[in-house]
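Residue-level structure breakdown
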Amino acid sequence: MSALARTIDDRGATLPRVGPVSSSQPSKLFPGLFKMLDVNRRLTVLEIGPALSETVDFFSQFKCRLHFVDLFHEPFVREQQAKLSEKELRHAFEEQFRFPAGTQIDLCLFWDFLSYLDDPALRAFNAALRPWIHSKTRAHGFGVHHLAIRLENIQYGIIDTETLSIRPRRSAQLPHHPHSQIEMHEMLTCFDFERGLLLPEGKLEMLLKPRN
(Lines give C-alpha, C1' and ligand atoms only; values in the text may rest on other atoms or scores of the structure.)
Protein backbone atom coordinates (compact mmCIF):
# COMPACT_ATOMS: atom_id res chain seq x y z
CA MET A 1 0.00 0.00 0.00
CA SER A 2 1.18 3.54 -0.69
CA ALA A 3 2.45 6.08 1.82
CA LEU A 4 -1.03 7.60 1.73
CA ALA A 5 -2.55 4.36 3.02
CA ARG A 6 -2.54 3.85 6.77
CA THR A 7 -3.65 1.07 9.10
CA ILE A 8 -4.44 1.81 12.73
CA ASP A 9 -5.02 -1.07 15.10
CA ASP A 10 -7.23 0.02 17.98
CA ARG A 11 -5.74 3.23 19.38
CA GLY A 12 -2.11 3.82 18.43
CA ALA A 13 -1.51 6.32 15.62
CA THR A 14 0.69 9.14 14.37
CA LEU A 15 -1.65 11.34 12.39
CA PRO A 16 -0.89 13.81 9.60
CA ARG A 17 -1.48 17.47 10.23
CA VAL A 18 -4.69 18.79 8.74
CA GLY A 19 -6.59 22.02 9.10
CA PRO A 20 -8.99 22.53 12.00
CA VAL A 21 -12.61 21.44 11.87
CA SER A 22 -14.52 24.36 10.38
CA SER A 23 -18.05 23.11 10.96
CA SER A 24 -20.17 20.07 11.67
CA GLN A 25 -23.06 18.34 9.94
CA PRO A 26 -25.75 16.24 11.60
CA SER A 27 -26.40 12.76 10.25
CA LYS A 28 -29.69 10.94 10.66
CA LEU A 29 -28.35 7.76 9.03
CA PHE A 30 -25.17 7.22 11.05
CA PRO A 31 -26.96 6.11 14.26
CA GLY A 32 -28.81 3.41 12.32
CA LEU A 33 -25.60 2.32 10.66
CA PHE A 34 -24.00 1.46 13.97
CA LYS A 35 -27.13 -0.36 15.13
CA MET A 36 -26.66 -2.67 12.13
CA LEU A 37 -23.08 -3.55 13.09
CA ASP A 38 -22.09 -5.93 15.84
CA VAL A 39 -19.96 -3.47 17.81
CA ASN A 40 -19.29 -6.06 20.52
CA ARG A 41 -16.84 -7.84 18.26
CA ARG A 42 -13.75 -6.51 16.54
CA LEU A 43 -14.64 -4.29 13.58
CA THR A 44 -12.64 -3.76 10.42
CA VAL A 45 -13.22 -0.32 8.90
CA LEU A 46 -12.14 1.06 5.52
CA GLU A 47 -12.19 4.82 5.07
CA ILE A 48 -11.47 6.42 1.72
CA GLY A 49 -9.58 9.43 2.98
CA PRO A 50 -6.90 10.49 5.47
CA ALA A 51 -6.79 9.49 9.14
CA LEU A 52 -8.35 12.48 10.89
CA SER A 53 -7.90 12.78 14.64
CA GLU A 54 -11.60 13.03 15.47
CA THR A 55 -12.37 9.89 13.47
CA VAL A 56 -9.64 7.92 15.20
CA ASP A 57 -10.88 9.21 18.56
CA PHE A 58 -14.43 8.15 17.71
CA PHE A 59 -13.40 4.60 16.81
CA SER A 60 -11.26 4.28 19.94
CA GLN A 61 -14.44 3.32 21.83
CA PHE A 62 -14.65 0.13 19.74
CA LYS A 63 -12.38 -2.83 19.22
CA CYS A 64 -11.38 -2.20 15.63
CA ARG A 65 -8.78 -2.10 12.91
CA LEU A 66 -8.93 1.04 10.75
CA HIS A 67 -7.68 1.10 7.18
CA PHE A 68 -7.36 4.65 5.82
CA VAL A 69 -6.70 4.72 2.07
CA ASP A 70 -6.47 8.30 0.83
CA LEU A 71 -7.39 7.78 -2.81
CA PHE A 72 -8.17 11.48 -3.20
CA HIS A 73 -4.43 12.11 -3.54
CA GLU A 74 -3.42 9.13 -5.66
CA PRO A 75 -2.04 10.23 -9.06
CA PHE A 76 -3.94 7.51 -10.91
CA VAL A 77 -7.19 9.04 -9.60
CA ARG A 78 -6.20 12.69 -9.64
CA GLU A 79 -4.17 12.94 -12.85
CA GLN A 80 -4.45 9.76 -14.91
CA GLN A 81 -8.04 8.58 -14.46
CA ALA A 82 -9.23 9.62 -17.93
CA LYS A 83 -6.15 8.15 -19.63
CA LEU A 84 -6.13 4.68 -18.07
CA SER A 85 -8.16 1.70 -19.21
CA GLU A 86 -10.67 0.09 -16.87
CA LYS A 87 -8.28 -2.86 -16.47
CA GLU A 88 -5.42 -0.54 -15.52
CA LEU A 89 -7.65 1.33 -13.07
CA ARG A 90 -8.76 -1.93 -11.47
CA HIS A 91 -5.15 -3.00 -11.00
CA ALA A 92 -4.31 0.40 -9.45
CA PHE A 93 -7.19 0.11 -6.98
CA GLU A 94 -6.21 -3.49 -6.18
CA GLU A 95 -2.71 -2.28 -5.30
CA GLN A 96 -4.23 0.16 -2.81
CA PHE A 97 -6.45 -2.56 -1.33
CA ARG A 98 -3.66 -5.01 -0.52
CA PHE A 99 -4.97 -5.81 2.94
CA PRO A 100 -3.73 -8.76 5.01
CA ALA A 101 -4.99 -12.15 3.85
CA GLY A 102 -8.37 -12.98 5.36
CA THR A 103 -9.40 -9.34 5.88
CA GLN A 104 -13.16 -8.79 5.79
CA ILE A 105 -14.36 -5.21 5.90
CA ASP A 106 -17.35 -4.54 8.13
CA LEU A 107 -17.77 -0.83 7.39
CA CYS A 108 -16.79 1.23 4.34
CA LEU A 109 -16.75 5.01 4.59
CA PHE A 110 -16.78 6.37 1.05
CA TRP A 111 -17.79 9.96 1.86
CA ASP A 112 -18.18 11.69 -1.54
CA PHE A 113 -15.37 9.80 -3.31
CA LEU A 114 -17.66 7.89 -5.69
CA SER A 115 -18.74 11.18 -7.30
CA TYR A 116 -15.15 11.79 -8.41
CA LEU A 117 -14.91 8.54 -10.38
CA ASP A 118 -15.91 8.34 -14.02
CA ASP A 119 -17.79 5.27 -15.22
CA PRO A 120 -14.76 3.00 -15.92
CA ALA A 121 -13.12 4.05 -12.65
CA LEU A 122 -16.28 3.34 -10.64
CA ARG A 123 -16.57 -0.13 -12.17
CA ALA A 124 -12.87 -0.73 -11.48
CA PHE A 125 -13.22 0.45 -7.88
CA ASN A 126 -16.19 -1.90 -7.43
CA ALA A 127 -14.26 -4.89 -8.79
CA ALA A 128 -11.22 -4.20 -6.60
CA LEU A 129 -13.29 -3.79 -3.43
CA ARG A 130 -15.59 -6.78 -3.93
CA PRO A 131 -13.21 -9.50 -2.55
CA TRP A 132 -12.94 -7.69 0.79
CA ILE A 133 -16.61 -7.32 1.72
CA HIS A 134 -18.93 -9.91 3.23
CA SER A 135 -22.67 -10.47 3.69
CA LYS A 136 -22.97 -8.08 6.65
CA THR A 137 -20.74 -5.27 5.38
CA ARG A 138 -22.30 -1.82 5.44
CA ALA A 139 -21.17 1.32 3.61
CA HIS A 140 -21.88 5.03 3.96
CA GLY A 141 -21.39 7.77 1.42
CA PHE A 142 -22.74 10.86 -0.27
CA GLY A 143 -24.09 11.19 -3.79
CA VAL A 144 -26.23 13.76 -5.54
CA HIS A 145 -29.98 13.97 -5.97
CA HIS A 146 -29.61 15.23 -9.54
CA LEU A 147 -26.59 15.61 -11.79
CA ALA A 148 -26.48 19.42 -11.75
CA ILE A 149 -25.45 19.45 -8.08
CA ARG A 150 -21.83 20.38 -7.46
CA LEU A 151 -20.13 18.97 -4.39
CA GLU A 152 -18.03 21.19 -2.15
CA ASN A 153 -14.31 20.49 -1.88
CA ILE A 154 -14.46 19.28 1.72
CA GLN A 155 -13.34 16.30 3.77
CA TYR A 156 -15.36 14.53 6.41
CA GLY A 157 -14.63 13.08 9.82
CA ILE A 158 -16.71 11.57 12.61
CA ILE A 159 -17.40 13.43 15.86
CA ASP A 160 -20.07 11.06 17.14
CA THR A 161 -22.75 8.77 15.71
CA GLU A 162 -24.99 11.75 14.98
CA THR A 163 -22.41 14.35 13.92
CA LEU A 164 -19.83 14.57 11.12
CA SER A 165 -16.98 17.06 11.04
CA ILE A 166 -16.31 19.14 7.94
CA ARG A 167 -13.17 21.01 6.92
CA PRO A 168 -12.01 22.45 3.58
CA ARG A 169 -9.78 20.14 1.57
CA ARG A 170 -6.40 21.75 1.02
CA SER A 171 -5.79 20.18 -2.37
CA ALA A 172 -7.52 21.24 -5.59
CA GLN A 173 -10.86 19.61 -6.19
CA LEU A 174 -10.93 16.53 -8.39
CA PRO A 175 -12.96 16.56 -11.63
CA HIS A 176 -16.58 15.88 -10.77
CA HIS A 177 -18.36 12.77 -12.12
CA PRO A 178 -21.80 12.58 -10.44
CA HIS A 179 -23.88 9.42 -10.87
CA SER A 180 -27.61 8.91 -10.66
CA GLN A 181 -28.94 6.15 -8.39
CA ILE A 182 -29.65 4.04 -11.46
CA GLU A 183 -26.08 4.48 -12.73
CA MET A 184 -24.68 3.75 -9.28
CA HIS A 185 -26.76 0.57 -9.12
CA GLU A 186 -25.45 -0.54 -12.52
CA MET A 187 -21.77 0.11 -11.83
CA LEU A 188 -21.34 -0.37 -8.06
CA THR A 189 -22.64 -3.91 -8.28
CA CYS A 190 -21.28 -5.18 -4.97
CA PHE A 191 -23.75 -2.92 -3.08
CA ASP A 192 -27.45 -2.09 -3.01
CA PHE A 193 -29.06 1.02 -1.56
CA GLU A 194 -30.42 0.34 1.91
CA ARG A 195 -31.47 3.84 2.89
CA GLY A 196 -31.16 7.27 1.36
CA LEU A 197 -31.77 10.74 2.75
CA LEU A 198 -32.05 13.89 0.66
CA LEU A 199 -30.11 16.75 2.24
CA PRO A 200 -31.07 20.45 1.88
CA GLU A 201 -28.20 21.31 -0.49
CA GLY A 202 -29.19 18.58 -2.95
CA LYS A 203 -26.75 15.93 -1.77
CA LEU A 204 -27.93 12.42 -1.05
CA GLU A 205 -26.70 10.62 2.08
CA MET A 206 -26.60 6.86 1.46
CA LEU A 207 -26.38 3.65 3.42
CA LEU A 208 -25.41 0.64 1.32
CA LYS A 209 -25.60 -3.09 1.92
CA PRO A 210 -24.09 -6.02 -0.02
CA ARG A 211 -26.02 -7.10 -3.06
CA ASN A 212 -27.27 -10.68 -3.06
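As the structure is a computational prediction, the values presented were derived from the model and not from experiment.

Thoughts on the pattern of salt bridges
Under the criterion given, the structure shown has 8 salt bridges. Across the pair Glu86 and Arg123 runs a salt bridge whose closest N-O atoms are separated by 3.0 Å. Of this pair, Glu86 sits in helix 4 (residues 86-96) while Arg123 sits in helix 5 (residues 119-129); the two residues are 37 residues apart in sequence, bridging distant segments of the chain. You can call Glu86 partly exposed: its relative accessible area is 33%. For Arg123, a relative accessible area of 32% puts it in the partly exposed group. Two residues, Arg98 and Glu95, come together in a salt bridge whose shortest N-O distance is 3.3 Å. By relative accessible area, Arg98 is classed as exposed at 52%. Of the residues examined, Glu95 reaches a relative accessible area of 32% and is grouped as partly exposed.

Considerations on the environment of His185
Relative to the helices and strands, His185 is located in helix 6 (residues 181-187). Among the residues examined, His185 registers a relative accessible area of 37% and is labelled partly exposed. Considering only alpha carbons, one finds His185 and Arg211, 26 residues apart in sequence, at a separation of 9.8 Å. The residues touching His185, leaving out its near neighbours within four places in the chain, are Asp192 and Arg211.

Structural notes on the layout of surface pockets
The computed volume of the second largest pocket comes to approximately 150 Å³. For the second largest pocket, the full set of lining residues is Gln25, Pro26, Ser27, Lys28, Leu197, Leu199, Pro200, Glu201 and Glu205. Grouping the constituent residues of the lining of the second largest pocket by class yields 4 nonpolar, 2 polar and 3 charged.

Here we look at the environment of Gln104
Mapped onto the elements of the fold, Gln104 is located in the loop between helix 4 and strand 5 (105-111). Considering only alpha carbons, one finds Gln104 and Leu29, 75 residues apart in sequence, at a separation of 23 Å. Leave out the neighbours within four places in its chain, and Gln104 touches Thr44, Trp132 and His134.

Digging into the packing of aromatic side chains
Scanning the entire structure with this criterion turns up 20 aromatic pairs. When the ring of Phe30 is compared with that of Phe34, the centres are 5.6 Å apart and the planes differ by 45°; the resulting orientation is tilted. On the criterion of helical spacing, the pair formed by Phe30 and Phe34 is a turn pair, its members being 4 residues apart in helix 1 (residues 30-36). Judged on exposure class, the residue Phe30 and its partner Phe34 are both buried. Ring plane angle 20° and centroid distance 5.8 Å describe the contact between Phe97 and Phe99, whose orientation is recorded as stacked. Both residues of the pair, Phe97 and Phe99, count as buried.

As for the environment of Gly102
Locating Gly102 in the fold gives a position in the loop between helix 4 and strand 5. Each C-alpha atom of the pair Gly102 and Glu79 lies 32 Å from the other, and the pair is 23 residues apart in sequence.

With respect to the side chain of Ser27
Tracing the chain through its elements places Ser27 in the loop between strand 2 (23-26) and helix 1. Its relative accessible area of 5% is what places Ser27 among the buried residues. In terms of polar contacts, Ser27 uses its side chain to reach the backbone amide nitrogen of Leu29, at 3.4 Å. In this structure Ser27 touches His140, Thr161, Glu162, Leu164 and Glu205, once residues within four positions along its chain are discounted.

Cut-offs and rules
- Residues numbered from 1 in each chain as written.
- Predicted model: local features only at pLDDT ≥ 70, side-chain atom pairs only at ≥ 80, totals over all residues.
- Heavy atoms only, no water.
- Salt bridge = Lys/Arg side-chain N within 4 Å of Asp/Glu carboxyl O.
- Helix = DSSP H or I, 4+ residues; strand = E, 2+ residues; numbered from the N terminus.
- Buried < 20%, exposed > 50% of the residue type's maximum accessible area, 1.4 Å probe, protein only.
- Contact = heavy atoms within 4.5 Å.
- 1 Å grid on protein atoms, 1.4 Å probe; cavity = no way out; pocket = protein on both sides within 12 Å on 5 of 7 lines; lining within 4 Å.
- Points joined across faces, edges and corners; volume = space filled by probe spheres on them.
- Nonpolar A, V, L, I, M, F, W, Y, C, P; charged D, E, K, R; others polar.
- Phe/Tyr/Trp six-rings, centres within 6.5 Å; stacked < 30°, edge-to-face > 60°.
- Polar contact = N/O pair within 3.5 Å; in protein donor to acceptor, adjacent residues only side chain to side chain.

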